[in-house]
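Below, each chain spelled out in residue letters.
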Number of protein chains: 2
Amino acid sequence: MAQKPSIPKGTRDFGQLEMARRNYIFDTIKGVFSLFGFQQIETPAMENIGTLMGKYGEEGDKLLFRIQNSGEKAALAPEKGLRYDLTVPFARYVVQHREEISFPFKRFQIQPVWRADRPQKGRYREFYQCDVDVIGSNSLVGELELIQIVEEVYRRLGINVCLHLNNRKVLAGIAEVIGAPDKMMDITVAIDKLDKIGVEAVNAELSERGLSNEAIEALQPILNLSGSTTEKLTALRDVLANSETGLKGIEELETLFGLIEVTGVKLNIELDLCLARGLNYYTGAIFEVKALDAQIGSITGGGRYDNLTGIFGLPDVSGVGISFGADRIYDVLTELDLFPKELQSATQVLFATFGEEELCYALKWAKALREKGITVEVYPEPTKMKKQMGYADAKQIPFVAIVGGDEMAQNKVMLKNMASGEQKQVTLEELWQIQTNNLTK
Amino acid sequence: MAQKPSIPKGTRDFGQLEMARRNYIFDTIKGVFSLFGFQQIETPAMENIGTLMGKYGEEGDKLLFRIQNSGEKAALAPEKGLRYDLTVPFARYVVQHREEISFPFKRFQIQPVWRADRPQKGRYREFYQCDVDVIGSNSLVGELELIQIVEEVYRRLGINVCLHLNNRKVLAGIAEVIGAPDKMMDITVAIDKLDKIGVEAVNAELSERGLSNEAIEALQPILNLSGSTTEKLTALRDVLANSETGLKGIEELETLFGLIEVTGVKLNIELDLCLARGLNYYTGAIFEVKALDAQIGSITGGGRYDNLTGIFGLPDVSGVGISFGADRIYDVLTELDLFPKELQSATQVLFATFGEEELCYALKWAKALREKGITVEVYPEPTKMKKQMGYADAKQIPFVAIVGGDEMAQNKVMLKNMASGEQKQVTLEELWQIQTNNLTK
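Before we go on, may I ask you to explain the overall build of chain A in this structure?
The secondary structure content of chain A amounts to 16 helices and 16 strands. Compactness check: chain A gives a C-alpha radius of gyration of 28 Å against a globular reference of 22 Å for 441 residues, more than 25% above the reference. A principal-axis box enclosing the C-alpha atoms of chain A has dimensions of 95 × 65 × 45 Å. The 441 residues of chain A split such that 57% are buried.

Explain the sheet that holds strand β12 (residues 349-353) of chain A here, please?
What links the strands of a sheet is backbone hydrogen bonding, and the strands pair in either a parallel or an antiparallel sense. Residues and elements named next belong to chain A. Taken in spatial order, the five strands line up as β13-β12-β14-β15-β16 in an open sheet, and their pairing is mixed. On the outer flanks of this sheet lie β13 (376-378) and β16 (423-426), each paired with one strand and no other. Direction aside, neighbouring strands of the sheet carry axes that sit 25 degrees apart on average. Its contacts with the sheet place helix α14 (residues 385-394) against β12, β13, β14 (399-403) and β15 (413-417), and it is angled at close to 170 degrees to β12.

It is not clear to me how the confidence of the model for chain A should be interpreted in this structure. Could you clarify?
Interpreting fine coordinate detail is not advised for predicted regions of low pLDDT. The share of residues in chain A with pLDDT of 70 or more is 98%, and the mean pLDDT across the chain is 93. Interface confidence for the predicted complex, given as ipTM, is 0.94, next to a pTM of 0.94.

Sorry, what's going on with the sheet that holds strand β13 (residues 376-378) of chain B here?
Residue and element names in this part refer to chain B. Taken in spatial order, the five strands line up as β13-β12-β14-β15-β16 in an open sheet, and their pairing is mixed. Either end of the sheet is taken by a strand with one partner, and the two such strands are β13 and β16 (423-426). Neighbour-to-neighbour, the strand axes of the sheet open up by a mean angle of 25 degrees, direction not taken into account. Against the sheet, helix α13 (residues 356-371) makes contact with β12 (349-353), β13, β14 (399-403), β15 (413-417) and β16, and its axis sits at roughly 165 degrees relative to β13, the strand it touches most. Packed on one face of the sheet, helix α14 (residues 385-394) meets β12, β13, β14 and β15 and runs near 170 degrees to β12.

Whenever I open this one, the nonpolar core confuses me. Can you help?
Here is a general trend for soluble globular proteins: nonpolar side chains tend to be buried in one another's company. Ranked by size, the top nonpolar core spans 104 residues in total, and within it Tyr154, Phe324 and Ile329 of chain A together with Phe351 of chain B carry the most contacts. Among the elements that take part in this core, helix α5 (residues 141-157) of chain A stands out by supplying nine residues, more than any other. In contact with phenylalanine 324 of chain A, not counting residues within four places along its chain, are Ile29, Phe33, Cys130, Val132, Ile149, Val150, Val153, Tyr154, Ile299, Thr300 and Ile329 of chain A. In this structure, Ile147, Val153, Val332 and Leu343 of chain B belong to the second largest nonpolar core, which totals 103 residues.

What should I look at first to understand the pattern of salt bridges in this one?
Pairing between side chains of opposite charge can happen when their charged atoms approach one another. Summed over all chains, the structure comprises 47 salt bridges over all chains. Across the pair arginine 123 of chain A and aspartate 117 of chain A runs a salt bridge whose closest N-O atoms are separated by 3.7 Å. Glutamate 254 of chain B serves as the salt-bridge partner of arginine 237 of chain B, at 2.7 Å between the closest nitrogen and oxygen. Taken together, the residues span a long stretch of sequence, with arginine 237 of chain B in helix α10 (residues 229-239) and glutamate 254 of chain B in helix α11 (residues 244-262) at a distance of 17 residues. What you see here is one network of salt bridges that share partners, running through Lys106 and Glu145 of chain A together with Arg370, Glu377 and Lys395 of chain B.

I tried to follow the packing of aromatic side chains on my own but got confused; where do I start?
Both the distance between ring centres and the angle between the ring planes are used here to describe each pair of aromatic rings. Scanning all chains against the criterion turns up 28 aromatic pairs over all chains. Look at phenylalanine 33 of chain B and phenylalanine 324 of chain B: their rings are 5.7 Å apart centre to centre, the planes differ by 55 degrees, and that puts the pair in the tilted class. Pair noted here: phenylalanine 33 of chain B is in helix α1 (residues 16-35) and phenylalanine 324 of chain B is in strand β11 (residues 319-324), with a separation of 291 residues, a long-range link. Comparing phenylalanine 33 of chain B with phenylalanine 324 of chain B shows no difference in burial state: the two are buried. Between tyrosine 93 of chain B and phenylalanine 105 of chain B the ring centres are 6.2 Å apart and the planes differ by 10 degrees, which places this aromatic pair in the stacked class. Separated by twelve residues along the polypeptide, tyrosine 93 of chain B in helix α4 (residues 87-96) and phenylalanine 105 of chain B in strand β5 (residues 105-114) bring together distant segments of the chain. There is no split in this pair, since tyrosine 93 of chain B and phenylalanine 105 of chain B are both buried. Through pairs of rings, three or more aromatic residues link up here, namely Phe33, Phe108, Tyr154 and Phe324 of chain A. Sitting over the ring of phenylalanine 38 of chain A, lysine 106 of chain A keeps its end group 5.0 Å from the ring centre.

Would you explain the environment of threonine 309 of chain A in this entry?
Residues and elements named next belong to chain A. Within the fold, threonine 309 resides in the loop between β10 (298-305) and β11 (319-324). Overall, threonine 309 belongs to the buried group, its relative accessible area being 0%. Taking C-alpha positions, threonine 309 is 12 Å from histidine 97, a pair spaced 212 residues apart along the chain. Leave out the neighbours within four places in its chain, and threonine 309 touches Ala91, Val94, Val95, Ile135, Leu314 and Val317.

So what exactly am I meant to see when it comes to helix α12 (residues 326-335) of chain B here?
Since there are 3.6 residues in each turn of an α-helix, residues three or four apart along the chain are aligned in direction. All names here are of chain B. Along α12, the residues classified as buried are Ala326, Asp327, Ile329, Tyr330, Val332 and Leu333. Where the residues of α12 are buried, they touch α1, β6 (126-135), α5 (141-157), β9 (282-291), β10 (298-305) and β11. Remark: aspartate 337 follows α12 within two positions and exhibits a positive phi of approximately 55 degrees.

How should the relation of the copies chain B and chain A be read in this particular structure?
Each of the two chain copies can be generated from the other by rotation about an axis followed by a shift along it. Least-squares fitting of chain B to chain A yields an RMSD of 0.1 Å, with the superposition described by an axial translation of 0.0 Å and a rotation of 180 degrees. On the angle and the small slide along the axis, the relation comes out as a two-fold axis. Within chain B, isoleucine 67 of chain B has its C-alpha nearest the rotation axis, a separation of 2.4 Å. Most of the interface of chain B is mirrored in chain A: 100% of its interface residues are interface residues there too.

Help me understand the interface of chain B and chain A in this model?
When the parts of a complex come together, some accessible area is lost, and that lost area is often taken as the interface size. With 90 residues of chain B at the contact, the number on the chain A side is 90 residues. Taking both sides of the interface into account, the surface hidden between chain B and chain A amounts to around 7,900 Å²; carbon and sulfur atoms contribute 58%. Linking chain B to chain A there are six salt bridges. Between arginine 370 of chain B and glutamate 145 of chain A there is a salt bridge, with the nearest N and O atoms lying 3.4 Å from each other. The tally of links between chain B and chain A comes to 36 residue pairs in polar contact (both at pLDDT 80 or more). A class-by-class count of the residues in the side of chain B that touches chain A yields 42 nonpolar, 27 polar and 21 charged.

I tried to follow the pairing of β12 of chain A on my own but got confused; where do I start?
Remember that side chains alternate between the two faces of the sheet whenever the strand is regular. Residues and elements named next belong to chain A. Of all five residues in β12, five are buried, a share of seventy percent or more. Judged by which residues are buried, β12 turns out to be covered on both faces: Val349, Phe351 and Thr353 on one side and Leu350 and Ala352 on the other are all buried. Examined bridge by bridge, β12 and β13 share three bridges and lie parallel to one another. Bridging from a neighbouring strand, phenylalanine 351 pairs with valine 378 of β13. The parallel pair β12 and β13, bridged by helix α13 (residues 356-371), forms a crossover whose chirality is right-handed. Both β12 and β14 contribute to a ladder of five bridges, which runs parallel. Bridging from a neighbouring strand, phenylalanine 351 pairs with alanine 401 of β14.

Even after reading the chapter, I still don't get the domain arrangement of chain A, so can you show me in this structure?
In terms of domains, chain A is made up of domain 1 (16-335) and domain 2 (345-436). On a C-alpha basis, the centres of domain 1 of chain A and domain 2 of chain A stand 51 Å from each other.

Would you explain the side chain of aspartate 61 of chain B in this entry?
Residue and element names in this part refer to chain B. Relative to the assigned elements, aspartate 61 resides in helix α3 (residues 57-63). Here aspartate 61 is buried and forms no salt bridge, its nearest opposite-charge partner arginine 66 lying at an N-O distance of 5.9 Å. At 2.8 Å, the side chain of aspartate 61 and the backbone nitrogen of glycine 54 are in polar contact. Residue contacts for aspartate 61: discarding those within four places in its chain leaves Leu52, Met53, Gly54, Lys55 and Arg66.

Conventions and cut-offs
- Residues numbered from 1 in each chain as written.
- Chains lettered and ligands numbered in written order.
- Predicted model: local features only at pLDDT ≥ 70, side-chain atom pairs only at ≥ 80, totals over all residues.
- Heavy atoms only, no water.
- Helix = DSSP H or I, 4+ residues; strand = E, 2+ residues; numbered from the N terminus.
- Rg over C-alpha atoms; globule rule 2.2 N^0.38 Å.
- Buried < 20%, exposed > 50% of the residue type's maximum accessible area, 1.4 Å probe, protein only.
- Pairing = 2+ DSSP bridges.
- Axes fitted to C-alpha atoms, helices over the stretch in contact; angles between N-to-C directions.
- Contact = heavy atoms within 4.5 Å.
- pLDDT = per-residue confidence, 0-100.
- Core = buried A, V, L, I, M, F, W, Y, C linked by side-chain atoms within 4.5 Å.
- Salt bridge = Lys/Arg side-chain N within 4 Å of Asp/Glu carboxyl O.
- Phe/Tyr/Trp six-rings, centres within 6.5 Å; stacked < 30°, edge-to-face > 60°.
- Lys NZ or Arg CZ within 6 Å of the ring centre and 35° of its normal.
- Least-squares fit on C-alpha atoms with pLDDT ≥ 70 in both.
- Buried area = accessible area lost by both parts, 1.4 Å probe.
- Polar contact = N/O pair within 3.5 Å; in protein donor to acceptor, adjacent residues only side chain to side chain.
- Nonpolar A, V, L, I, M, F, W, Y, C, P; charged D, E, K, R; others polar.
- Right-handed = clockwise from strand over helix to strand, strands pointing away.
- Domains from an automatic or database assignment.
- Lys, Arg positive; Asp, Glu negative; His and termini not counted.

Pasting the structure below:
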């Protein structure tokens, strides 16, 4: 036989069980998004190359998958590229369709993206993103709702999480008051490592990154902030007394924590001054969600941006959004064994038969059961019983209805519970009752 | 302002209403596929170019979108291409994963495909296909179940359809008995036009295509076949008496019509000897479904193939499959105004407020309602009432809950029915009851 065919490296096939599990994640997330009035959009896999170029930095440009032109233009520079994320196409969408959109625009989008990254464990060249954003409003109700969405999604999935919250204005304020306003990203990158490498090493790194000793010293009280959220905010307010931006950040955090309290959010939320997030378009709140019972890093993240659509000529549109990492959530649910067991088989009953007449009998029963909403398969040939049972085993179908001459004569089937091995003759009505009870369990 | 950004020609953005409607189609189809035990798989957007090349004829090769190699290999011939249909990736999947698959393998797949076709009305460079196949069994129960699926999908969608059924073996038999066994495709292409151009013109075309006068004369009784399915089959059996292949085709049709009768299929089914279908990998039953109340051509089609995976080195695996044309189904549902009205707005209630305190009050109510499964939005700022009402109008939200000081004092909201203009003060419990009743209506 010829060599087995394969797929490009960094891409994946998803079989039935993986798809059932992925759909469980997507459907859970979509259900929660919808409950808050977010609506789905989709954009094309290909964008004009000009839409994508220069939006992800120099490194990002290199990682774009470009589509070769067809026909005589094949030799020219590609005009199209594959979607690299959902954020830039969303910004493009908002600008292109701004006349049709009612703002605030609450949208979600669940689609694959492609990156010509070096494939490695957990990093793929094709993967799905699940983004939810509200754009066209400055209100912190946006932040609140995203936090409520995080709470509800992970409650439904059964994953214990902690949401880390910070504000870019606070980070900018800190850089300002320690006299290094242009070093905000350097400072945040360094203090991001506090947990891992300790204060001494962080200070050494800050010095390497060009911060003066005075600035580093001024930063120490902030690195050592502890206590409750209120205590941290009070202490910060003193530190940032001379930074207008910083105080605005504190105010936003206070308002947001107020809304969180008013609406009784039970989610684990930590004010984390070491949270920075790399993307430099964030301008207000930033979030990151970590699973508490798995070592996997962030599984959801996002923040407030003030000028996402500016790159396409529509300035001053503020928005806030988060992205759920479906692959990582999949890994957490697998590691913690949290996928519902019923995802393993969609089919509730397989009919197994001994002859053509029995097959017709089974097809009639199958029709009647499907009309009641029961998922049924009929093994398509009256072949060896072992083969038919093997099929049920492989697909983890919980019940097999065996049809022989005896059963037909009595208007019954022999129903076998594949887990217990137990079997008994049942009528159509009884079979339907058993399956309906299993469905609603 | 800069020029409005755009998307590549032949591609589309889908806004919220379009997405809700597309999801309605996909969810309906998926629900029916699942009821019959078909399970979803997904394959990558990119396939190795060798997997795709030569599978769609010379014309097809030209229509493949090729991905430029990255880095130093950029100048070389592309190694990857975008999926052109779901059939070839499915065949590749079956061969690649044959050790993990339990046959008969019942799978469905709903994903976009890409073709570098000249864009025109109703023809896109990116569009979704919805394919359902059972592979690894010769049993005509496969054909029966696909027919039952067609029946149930269109019953749920409310579209009146007729399924045209034919069998490639019958067509081959006809070509054989009229003495032109190598002309099967020419004959079918010509007689496919019988309805449009009449017998005379068809005969002229057959002559042009190289059929002898004797062959054309021998074909006439078949062109004139009429009556019930049983009458047609009986007449055909006489005509095809000397063709083993033809008689096998008749037998398959008879068995299938027998199964259709046994299981009480109510679908409009017509034995259509003029149905040919272009793809030359079909070897048995062929189907095409037409909407009766819309002029749009085929909205679903497929057939039996005996050697789909042979191209990847796994011969003799028989299967049968059909494909639902989502774009055309969308057009039919639009033309006949059959989309459910509730798809226009997912949101049931919008809270509109006059001040910060009212906003907090609304956020608490919203939380309580969402816990009951009611889809609620809170307008994020206590701005002008006209603006908030305009938002509800634009999103076609049926109810607005207005919160002012009066309402707060009484622990109520003013609920406005946006269709009738009617408004009354209601408690949280009353609001919940009203919305729950609307949901279950």
